[in-house]
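Structure at a glance
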Amino acid sequence: MNPSLALMLQLTILLPLLATFAIAATGKKPNLREAVTISTSLVVLYCVINLYQALNAGTSIEVSWWELMPGLEVSFVVEPLGMLFALIASFLWLITTIYAIGYMRGHEEENQTRFYICFALAISAVMGLAFSANLFTLFVFYEVLTLSTYPLVTHAGTDKAKKGGRVYLGILLSTSVAFFLLAIILTWFVSGTLEFTAGGVFDANVNTTVAGAILVLFIFGIGKAAMMPFHRWLPAAMVAPTPVSALLHAVAVVKAGVFTVLKVCIFIFGLDLLPQLPTTEFLLYLATFSVVMASIVAMRQDNLKARLAYSTISQLGYITIGALLATSSGVIGSSMHIASHAFGKITLFFCAGAILVASHKSKVSELRGLGYTMPITMAAFFIASLSIIGVPPAGGTWSKWFLLMGTIETGYWVVMVALMLSSLLNIAYLLPIPYHAFFPGKGFKPSNNGIKEAPMPSLIAIVITSLGCLIMFIHPQPFYELAKAILTVSGVNHGQ
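Rules and cut-offs
Residues numbered from 1 in each chain as written. Predicted model: local features only at pLDDT ≥ 70, side-chain atom pairs only at ≥ 80, totals over all residues. Heavy atoms only, no water. UniProt positions renumbered as here; feature names shortened; annotations may be inferred. Helix = DSSP H or I, 4+ residues; strand = E, 2+ residues; numbered from the N terminus. Rg over C-alpha atoms; globule rule 2.2 N^0.38 Å. Buried < 20%, exposed > 50% of the residue type's maximum accessible area, 1.4 Å probe, protein only. Areas by Shrake-Rupley, 256 points an atom, 1.4 Å probe, with all protein chains shown as cover. pLDDT = per-residue confidence, 0-100. Expected span 1.5 Å × (residues − 1). Phe/Tyr/Trp six-rings, centres within 6.5 Å; stacked < 30°, edge-to-face > 60°. Lys NZ or Arg CZ within 6 Å of the ring centre and 35° of its normal. Contact = heavy atoms within 4.5 Å. Patch = residues over 30% accessible without salt bridge, like charges linked within 9 Å, V, L, I, M, F, W, Y side chains within 5 Å. Salt bridge = Lys/Arg side-chain N within 4 Å of Asp/Glu carboxyl O. Core = buried A, V, L, I, M, F, W, Y, C linked by side-chain atoms within 4.5 Å.

An unreviewed UniProt entry lists the chain under the name Monovalent cation/H+ antiporter subunit D family protein, with Shewanella electrodiphila as the source organism. The record held by UniProt for the chain lists under Sequence similarities (unreviewed entry) the comment "Belongs to the CPA3 antiporters (TC 2.A.63) subunit D family."

What follows is about the overall build of the chain. On a plain count of helices and strands, the chain comes out with 19 helices and two strands. What you see for the chain is a C-alpha radius of gyration of 21 Å, in line with the 23 Å of a compact globule of 496 residues. A principal-axis box enclosing the C-alpha atoms of the chain has dimensions of 70 × 55 × 45 Å. Within the chain, the fraction of its 496 residues that count as buried is 62%. On the chain, roughly 18000 Å² of surface is accessible, and the fraction owed to carbon and sulfur atoms is 66%.

The UniProt record annotates "domain: NADH:quinone oxidoreductase/Mrp antiporter transmembrane" (unreviewed entry) at residues 132-424. Helix makes up 73% of residues 132-424 and strand 0%, and the two end C-alpha atoms of the span are 37 Å apart.

Once that is clear, we can look at the confidence of the model for the chain. With 97% of its residues at a pLDDT of 70 or more, the chain has an overall mean of 89. Mean pLDDT across the elements of the chain ranges from a minimum in helix α9 (residues 242-251), with 76, to a maximum in helix α16 (residues 413-430), with 94.

Let's shift gears to unusual backbone geometry. Leaving glycine aside, a negative phi is the common case for residues, and trans is the common case for peptide bonds. Geometrically, the link from M228 to P229 is a cis peptide bond, its omega value of 10 degrees lying close to zero. Inspection of the secondary structure assignment puts P229 in the loop between α7 (208-221) and α8 (233-236). One non-glycine residue, A226, adopts positive backbone phi at about 55 degrees. Along the chain, A226 turns up in the loop between α7 and α8. Of note, H360 is a non-glycine position whose phi angle comes to about 60 degrees, a positive value. Structurally, H360 can be placed in the loop between α13 (328-359) and α14 (375-389).

Moving on: α13. Since the α-helix packs 3.6 residues into each turn, any two residues three or four apart lie on the same face. Taking 1.5 Å as the rise per residue, α13 with 32 residues should run 46 Å; its terminal C-alpha atoms sit 46 Å apart, in good agreement. Burial of α13 is extensive: 31 of the 32 residues sit out of reach of the surface. Of the residues flanking the end of α13, it is H360, one or two places downstream, whose phi is positive at about 60 degrees.

A few words on the packing of aromatic side chains. One pass over the full model with this rule turns up 21 aromatic pairs. Centre to centre, the rings of Y142 and F180 are 5.1 Å apart; their planes meet at 75 degrees, and the pair counts as edge-to-face. A residue pair is termed long-range when its members are at least 10 positions apart, and Y142 in helix α5 (residues 135-153) and F180 in helix α6 (residues 159-191) qualify at 38 residues. With respect to burial, Y142 and F180 carry one shared label: buried. Here a set of aromatic residues connected by ring pairs shows up, and it is made of F139, Y142, F180, F202, F218 and F269. Over the aromatic face of Y142 sits the side chain of K224, whose NZ or CZ is 3.4 Å from the ring centroid.

Attention now moves to the side chain of K305. Mapping K305 onto the fold places it in helix α12 (residues 304-325). If we skip the residues at most four places from it in the chain, K305 touches M238, A240, P241, T242, S245, F349 and A352.

With 19 residues, helix α18 (residues 456-474) extends 27 Å from end C-alpha to end C-alpha; this agrees with the ideal 27 Å at 1.5 Å per step. S458, L459, A461, I462, T465, S466, G468, C469 and M472 are the residues of α18 that are buried.

So, about a nonpolar patch on the surface. A surface patch of nonpolar side chains, about 510 Å² in accessible area, is lined by V177, L181, I185, F189, V190 and V210. Top element by residues in the nonpolar patch is α6. It accounts for five residues. Mapped onto the elements, V177 comes out in helix α6. Classification of V177 by relative accessible area gives exposed; the value is 55%.

We now examine the nonpolar core. M83, F218 and F269 are the most contacted members of the largest nonpolar core, which has 182 residues in total. Here this core takes 17 residues from α13, the largest share from any one element. Once residues lying within four places of it in the same chain are set aside, the contact partners of M83 are V48, L51, Y52, L55, V78, F131 and L482.

What follows is about the pattern of salt bridges. A full pass over the atoms with the stated rule returns two salt bridges. Here R33 and E34 are joined by a salt bridge, their closest N and O atoms 2.7 Å apart. A salt bridge links K263 to E79; its shortest N-O distance comes to 3.0 Å. Taken together, the residues K263 in helix α10 (residues 253-269) and E79 in the loop between β2 (72-77) and α3 (80-106) connect sequence positions 184 residues apart.

Given below as structure tokens:
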């Protein structure tokens, strides 16, 4: 193995951690502080792209930090699913940082240094989680991510923010300790290993009832996937500043949840064992319920960020469904949906923040006619909405296509109908927003009231991510090839 690649793998995790000291030291000089953040995110992105190229060339990259006991160590490996997550997270960290500069200054937020420090810590945790070689390493970084994002949720320091933070921390820590950790311990006792393994860690004659119970513990324990009934932390976290919401819903926390679900389903249980477990179908229908119910709740929300939060709960259910279908199409659809939802949802949250900074409006009912004064923001909102809905010319089209194919292949017609119904509900709660912004109807008199587009850094970020939604429709190959490579690594032939 190339030593420089091993160093790059470690730098993706350590650089954001080391940057926290530089950010703290330059806290009183905002320009320098933000230059440190942007330059660090650029270097991390450079390292991840190099690792991606090495992975494509067939190079094996593994690093072990320390062994606690035989078979239990903190170690990292570069594989296609982790690579897909790391590429999205590192690129969107850079874009979110650019957006945050415009938002935090435009909104005159306090404690900006603390914000950038916790932001960097969260990305360090995401990188460690993405490249984890085993469940133990993943669990460590999963918990670090929870703790490092707590100060971001409570950033405002108000009673409402503190209450939201308590719900956030309470649900994520309690599900981790009560279910996730127990599932890991049981996996260790039953299989004797926590290493992510092609085809899964359980042998062919494992007791399916026991394995099924462990699967339930995993799915409920991975609270960051926000499956009902363990979803309330996500709307509660909406008290945070918009760049935090973007980080939580597109870059870090929720994607860490569904990424973990995929890792567990593919590399702990294996796609051959999953359909044989007595609890898989129950969890599949529970995820389907989560998809539809969250979409219905989203329609009832007048607060824009709350509507987007429930939309996220619904979209995460798509990824969980794809994992539990245990087919090639399901895995490809889920993997690609991680990417397409990341770009779509981060754009929507960017737009929500831009609207708040520029017009001080936060309710859907207040946005009529806003397209006259904020045309770029509302056009980006429209493009991102198409991606979330899953229609051309936006990237979400492909992931939803593969997920529907997965339901057809397995004969889960109820799930297929639910996914299609959810997309119709997506149209109902997303598209009227840009429509009424540009076509406010009779009797509306345009007046800008001093409203204009958001600060330039925020606007640049919005344009980049909305273009990303379009590019992922025109050129989805990089993510599709990574998704296919996941199947190859897991020992499944594409087309199964």
